[in-house]
Every structure is written in structure tokens, then in C-alpha cells.
Amino acid sequence: MAIATMLYWVLLTFSLLDFNGIDAKAPPDLNWWKTSTIYQIYPRSFKDSNGDGIGDLNGITEKLEHIQDIGADALWLSPIYSSPQKDFGYDISNFTDIAPEFGTLADFDKLVKKAKSLNLKVLLDFVPNHSSDEHEWFKKSIDRVKPYDDFYIWKDGKKDAKNKTIPPNNWLSNFGGSAWEWNEKRKQYYYHAFAIQQPDLNYRNSELDKAMKDVLTFWMNRGVDGFRVDAINQMFEVEDLKDEPKSGKDVPAEDYDYLNHLYTRDLNETYDVVGAWQKLLDNYVNKHKTDGKLMILEAYTSITKSMQFYEVGANPFNFMFIATLNNHSRAIDFRTTINEWLYAVPKGKIANWVVGNHDNHRVASRFGKGNERADQISMLSAVLPGILVIYNGDEIGMVDRPFTYKETVDPAGCNAGPDRYYLKSRDPERTPFQWDATTSAGFSTNNETWLPVHDNYKELNLAMQKNATISHYNVFKALTKLKKDSTLKNGSTDVSLATNKILAVIRRNPSGKIVALLINFDDSSVTINAKIWLNIPVKMKIYMASVKSGLQPDKEYDMTKLTIPGAASIILV
């Protein structure tokens, strides 16, 4: 076994360097993100540098070499701004300062400086939909101090049959319950699409619009290379306050999904604001002669609505592997959904593929049992054209940690109550990064961490996987290396079925190079004639295979009788 695993490592290392000529010196694209890998960091859970049990900026700086090592091009930081932490950073009390538990502006500057030295881009989470109720703007808005009096969505209540003042309509918060909260001092309701402590900002006010543009400029001046924009499609609501219709879903009347959100999401005014932000970024690049500034948007919406963001110059996230496809999806479902997105992306624009994030169950938990498919979505996202977005921990196959209601701290879970918290809580995917088998998985020197470390950390951690010959870490490194090859940068893309159980993604370079990803959606092995079905050469080598496939790289196979193990994903070259 030792000799076999050593051979695997040697072959993997060789295949990383060259699969019949990996083109690592291909000329760079005009915009750095075109075939990039973006690594999302959830700061509270990445690395604690001072032993308080909470991750921080200095901890991230300490671990930047890991991000470089796995081949990522950029890191995206979830919110690090001043915040009361009612929604763990998404309730911002100062858009241009750092939360004390994360560090200082000087710590941020050190992080950016080191990232640049490692040739890593830095993206920030921009949260434009709302602020904290502790923001100075909101306090002044309550007091009707101009121009802040109109920075938020304030409305009078209406009277019920008993002459009691009630919210102006039936709109619901994403976190459950009415989206309206009464303010006794101002004698009006304010709208909050999320937590009560997160009042929505009013982009129909030109002064507010200018203030948020100043926020973008502030961070670009500190060296930020772009922004992931939060909850972009919830920025506007209809002004006539029409009640939203019932969805017909079998959920409690207080649940967000009880209504169809026709009047609080996806309004056309959103695209005008996004277009103006993109113009601001582009003008900054032209004026300061910097690399391009990326703006990538969180919008859980239809493909049609997503494509409209491309039209104003921005990049919408593609959440198909989170919101549309799941462990019950078949090969044909993947083919249809992937092709629908690829065909919709406007010519000259860049697709992207999100493996996971801080708001959804981890990819290794979402797909398949026994962790057999932990590499499947990463492999797909790497081989398909465009941007790969990976959530910290997914590169080593971290899984969700089960939580009791008593342990739950996420407001979405807490508000859902003890019978339904597990349907809403985002705590399972936010547990600390598992660096090694020491105290608190090497995340902190403190035994008590803001969220408990997963119990499996002694068997599943980065240090162990770096020393192993077969691991999710090694697979991911191989993926990011392959992504730089000209075949994946510039080659054609064909997403098809080899059989009703085998999904195939074939990338072809005009020079004749081929990269083929084959995924077996059956739990049993399947033998196919890939040469006929996929029009590929008779002989091809395995560049890499999913961890539990049992297959080794650099071995040549006969494509006329290729056997793919159950639940396995393989890349051929």
C-alpha cells in the first residue's frame, strides 16, 4: 500500500506539471477574473489569532499562503465591518471601519499588502440593502434629521377593525414574521427585509445613493480589487405597498415562503443602480490605471433576471449547484440546467459556478451519502468555462455539523423556533476551519469557539490531507492547476450525456487537446464506449479522479470500454 500511494503522489505531481503539455504560460486575459478561482472566507470561522474563539483579520493574514497554495486567484471576505453582530456582520453600523473583534483598518491594510505580495486579489462583501439599526444614519433618520430622514423605508401604519395601528401591508421578513417594525419615537414603521435590527436603505434617495458610492471608493482606495454584493435583488420595493399574494406552500403564515415576493424582489430600478456602480468601478480603473475591478452579485433569481445584470456590466452569481440541483438530480438534470445557463450568458461575458457558501449546507453534505461525491461539484465548476467560487473548507471536504436548537445562534434558525430551526439555520456550514488535529482543530488556542468545531476534525483536517497521497486537498490543487490550461481558458464546451447515468463535459482546444470530465450518477459502476458517444480518442489518460473512486492518475485507458466506478468523477486528457 505504501508503494502504491507513493506512486500516486509521484504521478499526481507529474500530472499537475504536465498532461501532455499543460499550458501554464498562456497569455493572461484582459480581466484577471475570466478563468479565476475565488476563495470565500467566512472571517469568524477561518483563523483566530488572539485566542478569543473568533476568527480575525490577522488570522486570515497568517493563512494567506494556504490560499495561494491551493491555486486560488482571489479571496473574498464576508463582512468585516463595524457591527453589533446581530446577523454576524451583515448588520453594519459603519461601512468604512472594521469590527473590533476582527481587528483594525491597519490590520486590513496589512492583509491587503501581504495578499498582493502573494499575487492574490482581495474582494470585500458589499452589503447595500440595509444597515444596522445602530448606524448613525438610522439614528438620525429616526429624528428626521435631513438628509437622513429619507435614508430608510418609513411608512405610516394602517388601522384594523379595532382601530389598532398595524403594519402597512403583509410583507414578510426573510427571517420570518412581519417585515415592518414600529418605531415609537418616529411614530412610523420601517421596512426590514431581514432582521429587525437591519433596516432597509432607500435608494430612491439621491443622497443615500451617493453615500454608498463613496463607500465603494473608500475601499478601492485601500487596494480592494472588487466586491461581492449581498442580496442585490432585494434593494427595491414597490412604492404603492401592495400586499404580496400567498404562495400556496405548506408553511406557517409567518414563514418567508408563505408569500410570492412579487413586489419586494427583482424590481427594474435595481439594474440602474448596479449599472451606476459598475460605471464607478470602471472609471476608477481608468483613472488610477489599476487592474479591473470585479463586481459579482448575490441574486437568487431566475436566469432571465440574472442575465439583465450582465447587460449593465456586472456579473451575477450562478447558484445552480446550490438552489436548483441536489443529490436527487440525475445526469440529464445537470446537463439541461448547465446548458440553459451557458446558452443564456451573453456573448463576451463570463460564466461562473458557485460550489458553496456561508448560507447553504456544505457541498459534501448536499450531494450524496458517505461523502463519495464531495469532489463532484468542484470538478464540474473547474472544468466548465469561467469563474470557480469555492467556500473555505470545501477544498478539504468539510461537512455540516449537526446543531441542537439550544446551540443555534443564527437569527434565521432562532426565529424559526425549536421545531423548524434546522430548516433555516446556517450554523451547520459556518463551523471553524479544520486546520489540524490540535485544540479546536487549529482554528484557535481556545477550547471555546464562537461555534463548536465539528467532532470529526481529528480525521478530517488540512494537515492530514496535505500529508496524504489521496485527498480532497490534492484533488482541488490539481483542479486549479488544470484551470490555467489554454484548453479550459479558450476551448469549446460540450455538455452531454454518455448514457442516462453519465454526464460528460468535453473541452476542446483548436490545437487538438481535449479535457473530458465524466461523472457517474449511479451508485454502481458503468461501462461505456466513450469514443463513440463522445467523439474522443481511443486512448486517454486520467488526469485526476474523485477521492473515493479508487482510480489513479496518469494511467491510460481504452475509451471503447471505459468503466467508471459508482458515484465517481474522473477527468481525462
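Worth saying up front: this structure is predicted, and the values here are computed from it rather than measured. Once a new chain begins, its residue numbering starts again from 1 and follows that chain's sequence as written. Reporting in this predicted model follows two pLDDT cut-offs: at least 70 for local features of residues, and 80 or more for side-chain atom pairs to be given and counted; totals over whole chains, interfaces and linings ignore these cut-offs and use all residues. Note that the side-chain values use all heavy atoms of the structure and ignore hydrogens as well as water.

Q: Residues and numbers for the sheet that holds strand 10 (residues 188–191), please.
A: With antiparallel pairing, three strands are arranged side by side in an open sheet as 6-10-9. Both outer strands of the open sheet, strand 6 (154–155) and strand 9 (180–183), are each paired with one neighbouring strand and no more. For two strands to pair, DSSP has to find at least two bridges joining them. Only DSSP runs of H or I reaching four residues or more are called helices, and only runs of E reaching two or more are called strands; each is numbered from the N terminus. Across two bridges, the pairing between strand 6 and strand 10 is antiparallel. Across the sheet, residue W154 finds its bridge partner in strand 10, namely Y190.

Q: Requested: an account of the sheet that holds strand 21 (residues 556–558), with residues and values cited.
A: What the six strands build is an open sheet, ordered 16-17-18-23-20-21; its pairing is antiparallel. Looking at strand neighbours, the two that pair on one side only are strand 16 (492–499) and strand 21, the edges of this open sheet. The sheet shows a mean angle of 30° between the axes of neighbouring strands, direction not considered. The pairing of strand 20 (residues 539–545) with strand 21 spans three bridges and is classified as antiparallel. Of the residues in strand 21, the one forming a bridge with K541 is E556. Lying on the sheet, helix 10 (residues 331–344) is in contact with strand 16 and strand 17 (502–508); it crosses strand 16 at an angle near 160°. Geometry is summarised by axes, namely lines fitted to C-alpha atoms with helices restricted to the contacting stretch, and by angles between N-to-C directions that run from 0 to 180 degrees. By definition in these notes, contact holds between two residues if any of their heavy atoms fall within 4.5 Å.

Q: So what's going on with the nonpolar core? Residues and values would help.
A: Note on terminology: a nonpolar core comprises buried Ala, Val, Leu, Ile, Met, Phe, Trp, Tyr and Cys residues joined through side-chain atoms within 4.5 Å. Buried, partly exposed and exposed residues are distinguished by accessible area as a fraction of the type maximum, computed with a 1.4 Å probe on protein chains only: under 20%, between the cut-offs, and over 50%, respectively. Ranked by internal contacts, the top residues of the largest apolar core, which has 134 residues, are L75, W277 and L380. Element by element, the count of residues in this core is highest for helix 6 (residues 206–221), at seven residues. Non-local contacts of L75, meaning those with residues more than four positions away in its chain, are made with Y39, I41, I60, L64, I67, L111, A115, L120, K121, V122 and L123.

Q: Describe helix 4 (residues 105–117), with residues and values.
A: For helix 4, which comprises 13 residues, the first-to-last C-alpha distance of 18 Å matches the rise-based estimate of 18 Å (1.5 Å per residue) to within 8%. What helix 4 keeps buried is the set D107, F108, L111, V112 and A115. For helix 4, the angular spread of the buried residues around the axis is 140°, confining them to a single face. In helix 4, the exposed positions that point more than 90 degrees away from the buried face belong to K113 and S117. Helices are assigned an expected span. That span is 1.5 Å times one less than the residue count. Throughout, the arc means that of the directions going from the helix axis to the C-beta atoms.

Q: An account of the pattern of salt bridges is needed here, citing residue identities and associated values.
A: Whenever a carboxyl oxygen of Asp or Glu lies within 4 Å of a side-chain nitrogen of Lys or Arg, that contact is scored as a salt bridge. Under the counting rule described, the total for this entry stands at 33 salt bridges. Close ionic contact of K210 with D214 constitutes a salt bridge, the shortest N to O distance being 3.2 Å. Of this pair, K210 and D214 are both found in helix 6, four residues apart, which corresponds to roughly one turn of the helix. Between D359 and R430 there is a salt bridge whose closest N-O contact spans 2.9 Å. Taken together, the residues D359 in the loop between strand 14 (352–354) and helix 11 (363–366) and R430 in the loop between helix 14 (421–424) and helix 15 (462–467) connect sequence positions 71 residues apart. Shared partners join several salt bridges into a network, and the residues in it are D87, D359, D410, R426 and R430.

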